[in-house]
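Okay, here's what each chain looks like letter by letter:
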Amino acid sequence: MIRRNTIQRNLVLKAVRQLACHATAEEIYVEFAKVHLNISRGTVYRNLLRLCEAGEIRKRQMPDGADRFDHICSDHYHAMCARCGKVFDVDMEYMSDIEKLVKDAHGFTFTGHDIVFKGLCPDCTGKPR
Ligand SMILES: [Zn+2]
Ligand SMILES: [Zn+2]
């Protein structure tokens, strides 16, 4: 049973890396199910969470949207298209000291931050609604 779990986990990891597009759990499941017909949604979701815990992938929480799974685990920022909902990496240095700019944290202890830029992706720019 342990062996089978490891195989499934590695397959899910491979799928996330191949997609490489900040896919949602549902998108990953749909892709995965095309190849592995006998896998359940629950198995894929469970393995995604395990991979996050193991630090193999990273879950990104998006405002007003489903969580995304990122094959790149480093700290980096994202841009989310307001029309199609796709999430992109932006090429920008991570500001590890940004918390210091907060003047009054009201006793809050920071553990990190995310920045999600909003806008339209190239595919959506200029497209009529
Ligand atoms: Zn778009
Ligand atoms: Zn990313």
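Residues numbered from 1 in each chain as written. Chains lettered and ligands numbered in written order. Predicted model: local features only at pLDDT ≥ 70, side-chain atom pairs only at ≥ 80, totals over all residues. Heavy atoms only, no water.

Along the chain, the regular secondary structure elements total 3 helices and 6 strands. Principal-axis analysis of the C-alpha atoms places the extent of the chain at approximately 50 × 45 × 25 Å. Looking at the chain as a whole, 29% of its 129 residues qualify as buried. Put simply, of all contacts in the chain between residues at least 6 apart along the chain, 45% involve residues at least 24 apart. By element, 54% of the accessible surface of the chain is carried by carbon and sulfur atoms, the whole surface being about 8,900 Å². Across the chain, 20 positive and 17 negative side-chain charges occur, with their mean positions spaced 8 Å apart. (Helix = DSSP H or I, 4+ residues; strand = E, 2+ residues; numbered from the N terminus. Buried < 20%, exposed > 50% of the residue type's maximum accessible area, 1.4 Å probe, protein only. Contact = heavy atoms within 4.5 Å. Areas by Shrake-Rupley, 256 points an atom, 1.4 Å probe, with all protein chains shown as cover. Lys, Arg positive; Asp, Glu negative; His and termini not counted. Charge placed at Lys NZ, Arg CZ, Asp CG, Glu CD.)

Only C81 (SG), C84 (SG), C121 (SG) and C124 (SG) from the protein reach the zinc ion (ligand 1) as donors, at distances of 2.3 Å. What the 4 donor atoms of the zinc ion (ligand 1) show is an angle range of 105 to 115 degrees at the metal, which sorts the shape as tetrahedral. (Donors = N, O, S within 2.8 Å, 3.2 Å for Na, K, Ca; no water. Tetrahedral: all angles 85-135°; square planar, octahedral: opposite > 155°, others 65-115°.)

It is at 10 Å that the axes of helix 2 (residues 25–35) and helix 3 (residues 41–53) come closest, and there the two elements cross at 125 degrees. With respect to helix 3, the axis of helix 2 lies oblique. By crossing handedness, the relation of helix 2 to helix 3 is classed as right-handed. For the pair helix 2 and helix 3, the contacting residues are A25, E26, I28, Y29 and F32 in the first and R41, V44, Y45 and L48 in the second. When its residues are assigned to classes, the contact of helix 2 with helix 3 shows 7 nonpolar, no polar and 2 charged. (Axes fitted to C-alpha atoms, helices over the stretch in contact; angles between N-to-C directions. Parallel < 35°, antiparallel > 145°, perpendicular 65-115°, else oblique. Left-handed = near helix turned anticlockwise from the far one by under 90°. Nonpolar A, V, L, I, M, F, W, Y, C, P; charged D, E, K, R; others polar.)

Attention shifts here to the coordination of the zinc ion (ligand 2). Looking at the zinc ion (ligand 2), the protein donor atoms are H22 (NE2), D70 (OD), H76 (NE2), H78 (NE2) and D89 (OD), and they sit 2.1 Å from it. Positions of the donor residues of the zinc ion (ligand 2), expressed as sequence spacing, correspond to H-x47-D-x5-H-x1-H-x10-D. In this pair, the class of D70 matches that of H76, namely buried.

Right, let's get into a nonpolar patch on the surface. Residues M92, M95 and F117 make up a contiguous nonpolar surface patch of about 230 Å² in total accessible area. With respect to the element layout, M92 can be found in the loop between strand 5 (87–89) and strand 6 (116–119). Residue M92 is classed as partly exposed on the basis of its relative accessible area of 34%. (Patch = residues over 30% accessible without salt bridge, like charges linked within 9 Å, V, L, I, M, F, W, Y side chains within 5 Å. Salt bridge = Lys/Arg side-chain N within 4 Å of Asp/Glu carboxyl O.)

What follows deals with the side chain of D70. Assignment of secondary structure puts D70 in strand 3 (residues 68–70). Relative accessible area serves as the criterion here: at 0%, D70 is assigned to the buried category. For D70, the side chain forms a polar contact with the side chain of H22, separated by 3.2 Å. Leaving out residues up to four positions away in the same chain, D70 has contacts with V16, H22, I57, R58, R60, H76, H78 and D89. (Polar contact = N/O pair within 3.5 Å; in protein donor to acceptor, adjacent residues only side chain to side chain.)

This part is about the state of the cysteines. Applying the stated criterion to the full structure yields 0 disulfides. Free cysteine C21: the closest other cysteine sulfur is in C84, separated by 11 Å. (Disulfide = S-S within 2.5 Å.)

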